[in-house]
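# An overview of the molecular structure
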Amino acid sequence: MFKIAAKSLAIAAAGTLAFAVGVPVASAQRQEISNDMRKCGAGAPGPAVHVEVSGFKAATGRVRVQAYPATKSSWLEKGAWINRIDAPVAPRNGKMAFCVPVPEAGAYGIAVRHDVDGSGKSGWDDGGGFSNNPSLSLLSLKPSADKTAIRVGSGVTRIQVVLNYRQGMTIKPIG
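Residues numbered from 1 in each chain as written. Predicted model: local features only at pLDDT ≥ 70, side-chain atom pairs only at ≥ 80, totals over all residues. Heavy atoms only, no water.

### Some details on the sheet that holds strand E6 (residues 95–101)
For clarity, the threshold we go by: Pairing between strands is defined by DSSP: at least two bridges between the two strands are required. The helix count covers DSSP runs of H or I at least four residues long, the strand count covers runs of E at least two residues long, and both are numbered beginning at the N terminus. For helices, the fitted line uses only the C-alpha atoms of the stretch in contact; every axis is such a line through C-alpha atoms, and the angle between N-to-C directions lies from 0 to 180 degrees.
Taken together, the three strands give an open sheet; going across it, the order is E6-E3-E10, and neighbouring strands pair in mixed fashion. A single partner strand is all that each edge strand has here, and the edge strands are E6 and strand E10 (156–162). Averaged over all neighbouring strand pairs, the angle between strand axes comes to 20°, with direction disregarded. Pairing of strand E3 (residues 48–54) with E10, which is carried by seven bridges, proceeds in the parallel orientation. Following the sheet pairing, Ser 54 is matched in E10 by Val 162.

Here's what the structure looks like:
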């Protein structure tokens, strides 16, 4: 059995959520939104998640940030996202910030995808990451809702997501 470091396969799971379409979740309506950082600023009422994304391997393409309910039935499921921001990649000091409002306080998961060439399709060079930056294994490319769940209160919750890329994949034996 082999274990693959998080830097190796996070994008494989993020690629599966790349361009989700489908039925809205019951608790909220799917919305493509702009990145309005004022909703995460000082005194912002929330609830919202301030997502700082780092680890960009290139300043090209597009980045997509999606919020999901942190439930087994919704996490990374096609069309189950709540809010999605899709923006050109423009890191400053290697980082980009996003404000993702959520409908109410509760448990959510954040998925980030870097489409390096901006093709709109998952590719080998693309990167991705998740809230809580979970480790992935060869047998489990999709982190569980439990591993990515963050508790969002009535205000603004700040998290960091580190992007991972397939390039440079290393396989380590377990045991």
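### Observations regarding the confidence of the model for the protein
The following threshold applies: Scored from 0 to 100, pLDDT records how confident the predictor is in each individual residue. Only heavy atoms enter the contact rule, under which two residues are in contact if any of them lie within 4.5 Å.
Residues of the protein with pLDDT of at least 70 account for 75%, and the chain-wide mean is 82. Segment residues 1–27 is flagged for pLDDT under 50; beyond a separation of four residues in sequence, or across chains, it makes 97 contacts in the model. Confidence drops under pLDDT 50 across residues 169–175; counting only partners more than four residues distant or on other chains, this segment forms 17 contacts.

### Quick word on the pairing of strand E7 (residues 106–115)
The criterion, for reference: Think of it in three bands: residues with accessible area under 20% of the maximum for their type are buried, residues over 50% are exposed, and the middle band is partly exposed, with areas taken using a 1.4 Å probe on protein chains only.
Of all the 10 residues making up E7, nine are buried; the element is thus mostly covered by neighbouring parts of the structure. Summarising the sheet, strand E4 (residues 62–69) and E7 pair through eight bridges and their orientation is antiparallel. Bridged to Val 63 within E7 is His 114. Sheet analysis places E7 next to strand E9 (residues 150–152), joined by three bridges and oriented antiparallel. By the bridge assignment, Ala 107 is partnered in E9 with Arg 151.

### Digging into unusual backbone geometry
The step from Gly 46 to Pro 47 runs through a cis peptide bond, and the omega angle for that step is -5°. Counting through the fold element by element, Pro 47 comes out in the loop between strand E2 (31–32) and E3. For Leu 76, which is not glycine, the phi dihedral falls at a positive 60°. Counting through the fold element by element, Leu 76 comes out in the loop between E4 and strand E5 (83–88).

### Re the packing of aromatic side chains
This is how it is decided: Stacked, edge-to-face and tilted are the three classes for Phe, Tyr and Trp ring pairs, Trp counted by its six-membered ring, which pair at centre distances within 6.5 Å; planes under 30 degrees apart are stacked, over 60 edge-to-face, the rest tilted.
Applying the stated criterion to the full structure yields two aromatic pairs. Ring centres of Tyr 68 and Trp 75 lie 5.3 Å apart, and the angle between their planes is 80°; this geometry places the pair in the edge-to-face category. When sorted by exposure, Tyr 68 lands in the same class as Trp 75, which is buried. For Trp 75, a relative accessible area of 2% corresponds to the buried category.

### Description of the pattern of salt bridges
Going by this rule: Between Lys or Arg on one side and Asp or Glu on the other, a salt bridge is scored when a side-chain nitrogen of the former is within 4 Å of a carboxyl oxygen of the latter.
Enumeration according to the criterion identifies nine salt bridges in this entry. The salt bridge involving Arg 38 is made with Asp 36; its shortest N-O contact spans 2.9 Å. In this structure Asp 36 comes out as buried when scored by relative accessible area, which is 17%. Notably, a salt bridge pairs Asp 86 with Arg 64, separated by 2.9 Å at the nearest N-O pair.

### Section: the nonpolar core
Burial of nonpolar side chains together is a common tendency in soluble globular proteins. Defined as follows: Only buried residues count toward a nonpolar core, which is a set of Ala, Val, Leu, Ile, Met, Phe, Trp, Tyr and Cys residues joined through side-chain atoms within 4.5 Å.
Core analysis: the largest hydrophobic core is formed by 25 residues, its most contacted members being Val 49, Val 51, Phe 56, Phe 98, Ile 110 and Val 112. Among the elements of the structure, E3, E4, E5, E6, E7, E9 and E10 are those that each provide at least two residues to this core. Tyr 68, Ala 111, Phe 130 and Ala 145 belong to the second largest nonpolar core, which has eight residues in total.

### Considering the environment of Gly 155
Looking at the element boundaries, Gly 155 is found in the loop between E9 and E10. Under the relative-accessibility criterion, Gly 155 is labelled partly exposed at 27%. Along the chain, Gly 155 and Lys 39 lie 116 residues apart, while their C-alpha atoms are 9.9 Å from each other. The residues touching Gly 155, leaving out its near neighbours within four places in the chain, are Pro 45, Gly 46, Pro 47 and Ala 48.

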